[in-house]
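Residues per chain, in single letters:
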Amino acid sequence: MKTTSTIFQDGDHKWVAIVRDPARPNHLIDTNEYLITHGGKGLLLDPGGAEVFPAVFSALSSEFDPTALSAVFASHQDPDICSSLALWLEFNPSMRCYVSWLWSSFIPHFGGTAETFVGIPDEGMEISLNGLSLQAIPAHYLHSSGNFHLYDPQAKLFFSGDVGAALLPPTQNGLFVENFDTHIRHAEAFHRRWMGSNEAKRRWCERVAQMNIDMLCPQHGAIYRGADVHRFINWFDGLQVGIAGG
Amino acid sequence: MTTALTVSNQASAGIDLLRIVRINEEIKSVVGVAFKINIMALNAIFLAKRAGTAARGFGVLSNELRVFSQDLRTSMGVLTDLIHRCVNEVSVVLQDIRHTRLLRAAVTMSPQSRLNEIISRRESGNDAHKARLSSLRKQLQRALDDAFQLVELGGVLAKSAKIEAAYGQSFAGSLAQVSGEFDGIVEEIRLSLQSLRRSAFFSAN
């Protein structure tokens, strides 16, 4: 089963990181899921692949009543992001899925009906979770052509999808980045290959650098906090991306 | 349901899919042959006309063989439609098996009455899909039996054409050759359908 860690709490407003599954088969990439709760309702960010559903579901259930999940947020269309959608919908058929308009007719191949999907326009949108205002921030071409991150201005937490991801060795499985220089080595090849556009990266860095962010939470690897957030943005800004090795 | 049983169900649904694909390939080849019979029958009608009154009976049978080829194509169309419905249903069953496996794993890790309700609802749905597949199996078997009967009739027509060819006087040789080809092709289809009727797909639940 995955472990859960509350990374932010202010009354009933919480961010819970669902991470690291020791029973996960090695051929499946490790993923982080994040649950935002507010006023008894929940929003699950990048709910994960179908094969990790049991581990994510049981971890989430240990913290929160899964019937109170009102929506999931899919940063993009990849199978490790949301191929579990049909299973979550079995549990809660009225649940909504926020995803780029670009993918709103592709992701239904994983499950859901026409009513399930809320297409996010290219410029982003505000998402309300029981009165909590969250912002879908454009991150197109990083790496998907229809890609969004999610900012919680009240918690100052930023869900960055694949940006900031690191493929960590089993010996370095901490929840937070402890040594930026050591950590970033495990992120470099991933960003060079997966991130497709230097122009898109530049715009993202400019936009995100102006935000007030305490933690940058990627879908793979460890969470950046404090000064490491800007350290990461600066590092990413200087990295040439869209390069296949060899 | 144990993991071993789930794996076994998944494997058996996978084998079902493979069997359906084989049946479909056979049907596709019969459709091709039916088209060939139609062309051959058309040529046989012209040949009978040239042979005149001596080949009048052969002409009537050639016309009947042409009708047979069209009926055969219609019959294969019914089978193809049923095959597509079977593929659809087996695919749903395969998806059922996977989803049930994952939901069961979730309930093992995190026992919840709500999850048990969902699994129970899903299992009812799974049973309904299996029942639909079982009904489609029977429909496909009946349609294959009907097609087989039709081909038996085609065989009788081809054999009668062989007899009629003997009365074709100076055209007897050509008519015998054409009717022999009819007989050979219809026999080929008959054997093909006979093997399909024995497919293990029909003995599964």
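Here the structure is a predicted model, which means the values were calculated and not measured.

Peer 1: Can you help me understand the nonpolar core in this one?
Peer 2: Buried together is how nonpolar side chains tend to be arranged in soluble globular proteins. Residues and elements named next belong to chain B. By size, the foremost hydrophobic cluster in this structure holds 51 residues, and its most contacted members are Phe-58, Phe-68, Leu-72, Leu-140, Phe-182, Ile-189 and Leu-193. Elements that contribute at least two residues to this core include exactly α1 (3-51), α2 (56-109), α3 (113-165) and α4 (172-197). The dominant element in this core, judged by the number of residues it contributes, is α1, at 14 residues. For Phe-58, the residues in contact, after removing those within four places along its chain, are Ala-44, Ala-48, Ala-161, Glu-164, Ala-165, Leu-175, Val-178 and Ser-179.

Peer 1: Which parts of the structure should I look at to understand helix α5 (residues 198-209) of chain A?
Peer 2: Since there are 3.6 residues in each turn of an α-helix, residues three or four apart along the chain are aligned in direction. Residue and element names in this part refer to chain A. If you check α5, its first and last C-alpha atoms are 16 Å apart, about what 12 residues at 1.5 Å a residue would give, namely 16 Å. Those residues of α5 not exposed but buried are Ala-200, Lys-201, Trp-204, Cys-205 and Val-208. Taken down its axis, α5 places every buried residue within 135° of arc, on the same side. Residues of α5 that are buried in the fold lie against β9 (132-138), β10 (148-152), β11 (157-161), β12 (215-218) and α6 (227-238). One side-chain oxygen at the N-terminal end of α5 lies 3.3 Å from the backbone nitrogen of Glu-199; it belongs to Ser-197.

Peer 1: Explain the interface of chain A and chain B here, please?
Peer 2: Size of an interface: often given as the accessible area lost when the parts come together. Facing 15 residues of chain A, the contacting portion of chain B comprises 15 residues. Together chain A and chain B conceal approximately 1400 Å² of surface at their shared face, both sides included; 63% is due to carbon and sulfur atoms. Here chain A is connected to chain B by 3 salt bridges. Of the charged contacts, one joins Arg-101 of chain B and Glu-51 of chain A as a salt bridge, the two residues approaching to 2.8 Å between their closest N and O atoms. Summed over the shared surface of chain A and chain B, the number is 5 residue pairs in polar contact (both at pLDDT 80 or more). Where the side of chain A that touches chain B is concerned, the elements lending two or more residues are α1 (53-63) and α3 (85-91) of chain A. For the side of chain A that touches chain B, the element with the highest residue contribution is α1 of chain A, accounting for 6 residues. Taken together, the residues that form the side of chain A that touches chain B break down as 10 nonpolar, 3 polar and 2 charged.

Rules used in this analysis
Residues numbered from 1 in each chain as written. Chains lettered and ligands numbered in written order. Predicted model: local features only at pLDDT ≥ 70, side-chain atom pairs only at ≥ 80, totals over all residues. Heavy atoms only, no water. Core = buried A, V, L, I, M, F, W, Y, C linked by side-chain atoms within 4.5 Å. Buried < 20%, exposed > 50% of the residue type's maximum accessible area, 1.4 Å probe, protein only. Helix = DSSP H or I, 4+ residues; strand = E, 2+ residues; numbered from the N terminus. Contact = heavy atoms within 4.5 Å. Expected span 1.5 Å × (residues − 1). Arc of directions from axis to C-beta. Polar contact = N/O pair within 3.5 Å; in protein donor to acceptor, adjacent residues only side chain to side chain. Buried area = accessible area lost by both parts, 1.4 Å probe. Salt bridge = Lys/Arg side-chain N within 4 Å of Asp/Glu carboxyl O. Nonpolar A, V, L, I, M, F, W, Y, C, P; charged D, E, K, R; others polar.

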